[in-house]
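# Coordinate analysis (summary)
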Amino acid sequence: MPAVSDAGPLIHLAQIGTLLLLKQIFGKVTIVRSVKHEVVDLGIRLGYRDAPLIREALAAGYIIVKRPSPRLTKRARKLAENENLSMSDSETLLLAKMLAQPLLTDEKPLSMLGRMYGLELWNTWTILLEGLRGGFVTKAEIRAAVKELGEMKHKLSPERAREVLEAADRIASGDM
């Protein structure tokens, strides 16, 4: 099942070396040009180590860039103004709605709007847990991700970190 992603999950999965999960779980992931600009073009210019990995995924073809239509861009501009979102987030949300595909995001406001639009939502943690369920990552890799992303970059509360680790334990033991 293909999906549409904003920048967050791409960056976070690349930072911990699990970007390939997107291909393994979704087959293809679509991003809008402004997301590509943020995660690859600016990332490379600023020397972020995740940016070349995302560029490689684009070259491999499992992340694809889609230019929004003028109609979608107009709707996105209005949504961005009304909901105080970035244009990139608005285009991503509306593209996921138009394509009837899951939305991958780590941003709460975008998740809330996605829910209102009836979209299936995934974040970095649900992708990692699905990767564990599918045998693509190990429980140890989830623990390392919680430590690296959760404590340092992802603003994961101790309670949420515990929930992720407990879910990983249940999946690994076959209870989920």
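In the block above lies the structure referred to throughout.
Scoring rules and cut-offs
Residues numbered from 1 in each chain as written. Predicted model: local features only at pLDDT ≥ 70, side-chain atom pairs only at ≥ 80, totals over all residues. Heavy atoms only, no water. Patch = residues over 30% accessible without salt bridge, like charges linked within 9 Å, V, L, I, M, F, W, Y side chains within 5 Å. Areas by Shrake-Rupley, 256 points an atom, 1.4 Å probe, with all protein chains shown as cover. Salt bridge = Lys/Arg side-chain N within 4 Å of Asp/Glu carboxyl O. Helix = DSSP H or I, 4+ residues; strand = E, 2+ residues; numbered from the N terminus. Buried < 20%, exposed > 50% of the residue type's maximum accessible area, 1.4 Å probe, protein only. Pairing = 2+ DSSP bridges. Core = buried A, V, L, I, M, F, W, Y, C linked by side-chain atoms within 4.5 Å. Contact = heavy atoms within 4.5 Å. Phe/Tyr/Trp six-rings, centres within 6.5 Å; stacked < 30°, edge-to-face > 60°.

Side chains of Leu42, Leu46 and Tyr48 sit close together on the surface and give an oily, nonpolar patch of about 290 Å² of accessible area. Position of Leu46 relative to the elements: it lies in the loop between helix H3 (33-45) and helix H4 (50-60). Leu46 gets classed as exposed once you look at its relative accessible area, which sits at 56%.

With that settled, the discussion passes to the pattern of salt bridges. As enumerated under the stated definition, the model contains six salt bridges in all. Between Asp169 and Arg143 there is a salt bridge, and its shortest N-O distance comes to 3.2 Å. On the criterion of sequence distance, the pair formed by Asp169 in helix H10 (residues 158-172) and Arg143 in helix H9 (residues 139-152) is long-range, its members being 26 residues apart. Overall, the relative accessible area of 29% leaves Asp169 in the partly exposed class. For Arg143, a relative accessible area of 38% translates into the label partly exposed.

Ordered in space as E3-E2-E1-E4-E5, the five strands form an open sheet in which the pairing is parallel. Looking at which strands have only one partner, the edges of the open sheet turn out to be strand E3 (63-66) and strand E5 (121-122). Across two bridges, the pairing between strand E1 (residues 3-5) and strand E2 (residues 29-32) is parallel. Across the sheet, the residue bridging to Ala3 is Val29, located in E2.

It is worth spelling out the nonpolar core at this point. Within the largest apolar cluster, 54 residues are counted, with the highest numbers of intra-cluster contacts made by Leu10, Leu19, Leu22, Phe26, Ile63 and Ile127. No other element matches the six residues that H10 contributes to this core. Not counting chain neighbours up to four residues away, the residues in contact with Leu19 comprise Leu10, Leu13, Ala14, Leu53, Ile54, Ala57, Tyr62 and Ile63.

Right, let's get into the packing of aromatic side chains. To describe a pair of aromatic rings, one takes the distance between the centres and the angle between the planes. Summed over the entire model, instances satisfying the criterion amount to one aromatic pair. Taking 4.9 Å as the distance between ring centres and 80° as the angle between the ring planes, the aromatic pair formed by Phe26 and Trp122 counts as edge-to-face. Taken together, the residues span a long stretch of sequence, with Phe26 in helix H2 (residues 21-26) and Trp122 in strand E5 at a distance of 96 residues. Both residues of the pair, Phe26 and Trp122, belong to the buried class.

These results come straight from atomic positions and should not be treated as a statement about function.
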